Each structure stands twice: as structure tokens, then as C-alpha cells.
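Chains, contacts and geometry: an overview
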Amino acid sequence: MSLVLDHVSYIYGEDTPLSMKALNDICLEIPDGQFIGIIGHTGSGKSTLVQHLNGLIKASRGHIYYNGEDIDGKEFDKKKLRSNVGLVFQYPEHQLFEIDVFSDVCFGPKNLGLPQEEVEARAKEALAQVGLSEEFFTQSPFELSGGQKRRAAIAGVLAMKPQVLILDEPTAGLDPKGRDEILNQIKKLQTETGMTILLVSHSMEDVAEYVDRIIVMNQGSVMFDDEPREVFRHYKELEEVGLAAPQVTYIMHALKEQGMLVDVDVTTIAEATEEIVKCLETLH
Amino acid sequence: MLRDITLGQYYPEESVIHKMDPRVKLGGTVLYIISLFFMKNILGYMIAALFLGLVIKLSKVPFKFMVKGMKTILMLLMITVVFNLFLTQGTPIVTFFGKISITWEGLELAVFMAIRLSFLIIGSSVMTLTTTPNNLTDGMEKMLGFLKVFKVPVHEVAMMMSIALRFIPILLEETDKIMKAQIARGADFESGNLIQRAKAMVPLLVPLFISAFRRANDLAMAMEARCYRGGEGRTKMKPLIYQKNDYLAYAALVLYLIISIGIGRLTLF
């Protein structure tokens with residue numbers, strides 16, 4: 001069960017004067033159960049990349065394999081792929097349309113042709129997973145707050161029970177509290193269900209705490225693909241392409257320059273605190 | 001998915017035609033179309049073709065793009081030709097079933113109609129391909145300015161037009177995005193009978209309308225915040241002023257009109 005990208009390129013508006021290369025020879029392997037962050041500056045091709053993974057965009061060159069099958073093959077069932085690889089778009093609340101939250105979440109599983117009881121059971125489960133209680137079920141999705149709307153929209157994709165969940169900038173436009181809530185819920189989901197999760201973001205700070213692996217995109221190519229601590233070692237190069245390592249990386253490097261023997265590879269605030277305390281204790 | 005519409009599209013390029021005052025292009029297109037309907041013989045159309053070819057050459061827009069626009073009206077063109085061919089009275093050439101016949105007059109009319117329509121479409125695409133929508137509405141506003149005397153809100157209409165034109169690509173992009181989001185949720189826009197397809201449009205149309213209203217509301221607010229209150233006393237950042245090239249273009253246009261209509265109306269036979 002995995003997704004493999006084999007030399008994938010994509011060109012917008014091929015054969016027109018406005019043609020633009022969005023992806024350039026991408027090779028990636030996404031195994032099961034990983035929590036991956038895809039980071040890149042605006043226009044680096046990260047949204048284009050994830051739309052390839054469930055067949056919404058067809059690669060101009062190269063192939064994509066899901067469990068060993070070419071997704072552009074003639075026999076391949078794209079509808080099945082879309083239920084297995086769930087994609088939550090940027091500002092997913094813009095796709096809400098039903099009269100109440102519950103029916104909107106039912107839309108996805110209903111399209112899979114499941115029986116009514118199964119559809120409702122899944123919708124209830126998905127709404128519970130994103131932390132929306134029953135009092136919201138009968139409300140119009142347009143009356144909810146921004147963060148609630150977004151969670152309802154994410155539930156709409158979760159209800160299809162995908163094996164791979166892709167979230168494109170799930171925290172865009174949310175306040176810090178809403179952001180933390182969503183990210184924590186996603187993390188919880190991943191540990192509980194063992195789902196593969198791809199989190200697209202332009203902020204290292206957002207993903208550093210949660211993911212096992214970071215893929216850095218720059219101008220349509222993969223720049224780095226490694227564990228967070230390995231990627232953050234290149235913080236100078238990241239700055240050059242308009243990205244930045246998390247603030248703890250900078251603090252740790254500054255402390256080391258001042259002569260403190262700290263490990264500069266820590267990635268989260270909790271780890272950094274521990275490291276600094278340990279260092280101070282050995283000094284005394 | 002929805003990026004294949006070329007009719008009315010702008011083609012960015014640096015050329016004399018692109019830099020021309022939109023009023024010249026607008027007036028020129030209208031006069032050119034009128035000239036097409038005044039001609040009576042093939043010689044006139046040859047001059048019209050020559051003139052059009054020259055303008056296209058000067059505009060540096062690939063001819064491929066002009067023809068793309070033709071595809072959309074191919075059906076209309078065929079119907080017109082067929083009707084003219086079979087339903088014109090005159091001296092018959094061939095007769096089918098003793099009733100329907102192709103006449104000399106019909107043949108002539110069909111050929112001329114086909115030429116007129118194709119030149120008309122290509123001629124107007126030259127204008128839209130070389131003029132940005134904003135420029136075009138600016139030109140229209142200035143040209144129709146005299147209507148203000150008759151209490152026609154020319155500026156407001158022009159403003160609405162340019163906003164509408166500006167929002168077409170945005171709404172197309174939005175449609176594309178919502179469509180993809182719903183397809184990712186298993187929506188099917190492509191199969192089923194007519195009723196099923198119409199029903200499948202609901203998840204697309206509801207979010208699209210909401211977003212259109214939201215955008216309209218934001219824009220109105222932004223305009224109000226900048227104290228926009230209509231055309232009265234408003235100045236332009238880039239006022240339209242005729243340059244030397246524009247006068248030359250007018251001269252060329254008049255010359256073309258005299259020659260083409262003069263020759264085009266001669267009776268050759």
C-alpha cells in the first residue's frame with residue numbers, strides 16, 4: 001500500500017504562449033502510515049503535486065503508481081482511488097453546499113454508493129473525529145465560525161475513510177488557537193488510525209512538531225526530502241528560497257555560538273527546553 | 001478543464017496593433033464589418049482579405065489563435081451556407097427530387113456569406129486578441145461619451161462591463177477549484193442522464209454563487225472605502241490620447257474603405 005511518483009513533470013497550458021512548468025521531474029515514495037509535511041513557497045508546485053496523487057491532474061510526463069498500479073492506466077478505477085486518497089483543498093469550507101452540516105458530510109460516502117445506515121454511521125464518526133458535537137449536525141454549514149466550517153469540510157473527506165489523507169494548507173486564515181486545534185486533531189487521527197497523512201504548508205513552524213518527514217519543494221523540484229532535524233540543518237539554504245527553519249533552530253544555533261554545548265538538531269520547543277535545562281545542570 | 005475558451009481572449013505581445021488606441025481598433029473593426037456587407041464581387045473580398053492579413057501580420061499574433069475562435073462558430077457557418085445554398089430563388093444548376101435545387105444565385109450568396117462571416121469573426125478576434133478588456137471598455141466609454149447628453153450612464157455601464165470582464169477568469173478558476181474539490185469527494189459531473197447531470201451541478205453552483213456574492217460584496221466595500229461614487233468629475237490615470245500612429249491608422253482605414261467599397265461595388269459581369 002503506497003504511492004510512488006516516477007519522474008513526474010507537469011506543464012500548465014502546454015503549447016500556449018503562457019505555458020509554465022509547475023513540476024519538474026519529481027521522484028517520491030510515500031509508504032504507509034507516515035506523517036509527511038510538504039513545504040514550499042507560494043508557487044513552488046506543492047498544490048499541483050498533491051492534486052496528482054488522486055488523479056485530479058494528469059501528469060504531463062512520468063507515472064504515478066498506487067499500490068503498484070499506474071493511476072493513468074486504462075483499467076484503473078479513478079473513483080476508487082479518490083475514495084482511498086482523500087484530498088482536502090485549501091479553504092475547504094468553500095465547498096460546503098448542503099442545508100445542514102450532517103448532510104454535507106454525508107455527500108462523500110453517499111457518492112461511494114454505500115447503504116444509508118453506513119453513510120450515516122461514517123458521517124457521525126467523521127464529525128466526532130474532527131470534534132464537532134451533535135448540536136452542530138442540524139445547523140446550516142454557513143452559520144458556523146471559520147474554524148468550525150473548516151472542520152466540517154475536513155469531516156466531509158474523512159467520512160470517505162481514505163487510507164491516505166492529504167491536507168492542503170489546512171491552517172490558512174485561522175487564528176493560532178484554531179490552528180493548534182486542527183493540527184492536534186490531525187495528529188491524533190494519525191496515531192489512532194495509522195492513516196498516511198500529507199500536510200501541505202508554507203510554514204515550518206506548523207509542521208516541525210508533528211511530522212516524521214519533510215519534503216521541501218522549490219520551483220517545481222524536490223529540494224530536500226528527509227527527517228525534520230536533517231532538513232533544518234540546511235536552515236541557511238532554506239532562507240535563500242524564502243523559507244525558514246523553526247525559531248528553536250535559530251535559538252539553539254545562537255546559544256551554541258555563545259559557547260553553550262547544546263544539541264542544535266532539536267525541532268520542538270519541548271525538546272529545546274529539555275536540552276537547555278540539561279546543559280545548565282551540567283554547568284553547575 | 002475550463003481553460004480552452006479562446007474567443008475574446010487577450011494575447012500578450014509587443015506590436016503596433018497592441019499599442020494602438022482602443023478607439024481606433026473599435027472603430028476600425030466596426031467599419032471593417034460594415035465594409036464586408038457593402039461588397040458585391042469577389043475582387044472586393046480579395047482586398048478585404050489582404051487588409052486583414054496585413055493587420056494580423058502587424059499584430060504578431062499567431063494565425064492559429066484566430067482560427068481557434070472560428071471553431072466555435074463553425075456550426076452556425078454551416079447552417080447559414082446550407083440555407084443560402086438551397087433556399088435562394090434563381091436559375092437552377094442541379095435539382096433534387098424535382099423540388100429542391102441549387103441555383104447560381106444561391107451558390108454566390110452562400111460563398112459570400114461564408115466569407116463575410118469568417119472575416120467578421122477573425123476581424124473581431126484581432127481586436128480582442130490585441131486589446132486588454134480594460135482598454136476596450138475605456139475606449140468604449142470615451143467613444144460613447146456623447147450619450148451622456150441623453151442621460152445614459154455611460155461611465156457606470158463601462159465600469160460594470162470592465163468588472164464583469166475582470167471577474168470571468170477569477171470565476172472560471174473558482175469553478176475549476178470547486179469542481180475538483182467535489183470530484184475529490186466522489187461527485188460525478190460527467191455521466192448519467194440529463195436530470196442526474198443537472199442534479200450533480202448543485203454541489204458546484206451553490207458554493208460558486210456564494211463565492212460570487214462574497215467577492216462582489218468585498219469589491220463594493222473596497223470601492224466605497226476609496227470613496228468611489230461614479231463618473232462625475234472622475235479623472236483617469238492613463239487618459240486616452242491619440243498618437244501619430246493612431247492618425248496613420250485612421251488614414252489607412254479610410255483608404256481601405258474607399259478602395260474596397262469602390263471596387264467591391266463595381267458590376268463585373
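Residues numbered from 1 in each chain as written. Chains lettered and ligands numbered in written order. Predicted model: local features only at pLDDT ≥ 70, side-chain atom pairs only at ≥ 80, totals over all residues.

Now for the overall build of chain A. When helices and strands are counted, chain A shows 11 helices and 10 strands. The C-alpha radius of gyration of chain A comes to 21 Å, within 12% of the 19 Å expected for a compact globule of 284 residues. Taking the principal axes of its C-alpha atoms as reference, chain A extends roughly 65 × 50 × 35 Å. Within chain A, buried positions represent 40% of all 284 residues. A sequence separation of at least 24 residues applies to 64% of the contacts in chain A between residues at least 6 apart. (Helix = DSSP H or I, 4+ residues; strand = E, 2+ residues; numbered from the N terminus. Rg over C-alpha atoms; globule rule 2.2 N^0.38 Å. Buried ≥ 20, exposed ≤ 12 C-beta atoms within 10 Å, placed from the backbone. Contact = placed C-beta atoms within 7 Å.)

Residue and element names in this part refer to chain B. Mapped onto the secondary structure, Phe119 falls in helix α5 (residues 104-130). For Phe119, a count of 19 C-beta atoms within 10 Å translates into the label partly exposed. In this structure, the C-alpha to C-alpha distance between Phe119 and Ala187, residues 68 residues apart in sequence, is 42 Å. In this view, Phe119 contacts Leu36, Ala48 and Leu52; residues no more than four positions away in its chain are not counted.

Now for the packing of helix α3 (residues 101-111) of chain A against helix α4 (residues 116-129) of chain A. Residue and element names in this part refer to chain A. Running from amino to carboxyl end, α3 crosses α4 at an angle of 120 degrees, the nearest separation of the two axes being 9 Å. In terms of orientation, α3 lies oblique with respect to α4. The way α3 lies across α4 gives a crossing that is right-handed. Residue-level contacts link Phe102, Val105, Cys106, Pro109 and Lys110 of α3 to Val119, Glu120, Arg122, Ala123, Ala126 and Leu127 of α4. (Axes fitted to C-alpha atoms, helices over the stretch in contact; angles between N-to-C directions. Parallel < 35°, antiparallel > 145°, perpendicular 65-115°, else oblique. Left-handed = near helix turned anticlockwise from the far one by under 90°.)

Here we take up the packing of helix α7 (residues 154-184) of chain B against helix α9 (residues 202-225) of chain B. All names here are of chain B. Orientation of α7 relative to α9, taken along the N-to-C sense of each, is 140 degrees, at an axis distance of 10 Å. The orientation of α7 with respect to α9, classified from their angle, is oblique. Note that α7 runs across α9; the crossing there is right-handed. Taking contact as the criterion, the partners of Leu171, Glu174, Thr175, Ile178, Met179 and Gln182 in α7 are, on α9, Pro203, Leu204, Pro207, Leu208, Ser211 and Ala212.

Counting 76 residues, the largest nonpolar core has A:Ile38, A:Val105, A:Ala155, A:Ile166 and A:Leu199 as the members making the most contacts within it. Looking at this core, the element that brings in the most residues is helix α5 (residues 146-158) of chain A, giving six residues. B:Ile17, B:Tyr32, B:Ala48 and B:Ala249 belong to the second largest nonpolar core, which has 19 residues in total. (Core = buried A, V, L, I, M, F, W, Y, C linked by C-beta atoms within 7 Å.)

For the rest of this paragraph, the subject is unusual backbone geometry. Residues and elements named next belong to chain A. Of note, Asp25 is a non-glycine position whose phi angle comes to about 50 degrees, a positive value. Note that Asp25 resides in strand β2 (residues 20-30). Judged by C-beta crowding, with 15 C-beta atoms within 10 Å, Asp25 ranks as partly exposed. Although it is not a glycine, Tyr91 sits at a positive phi angle of roughly 45 degrees. Position of Tyr91 relative to the elements: it lies in the loop between β6 (85-88) and α3.

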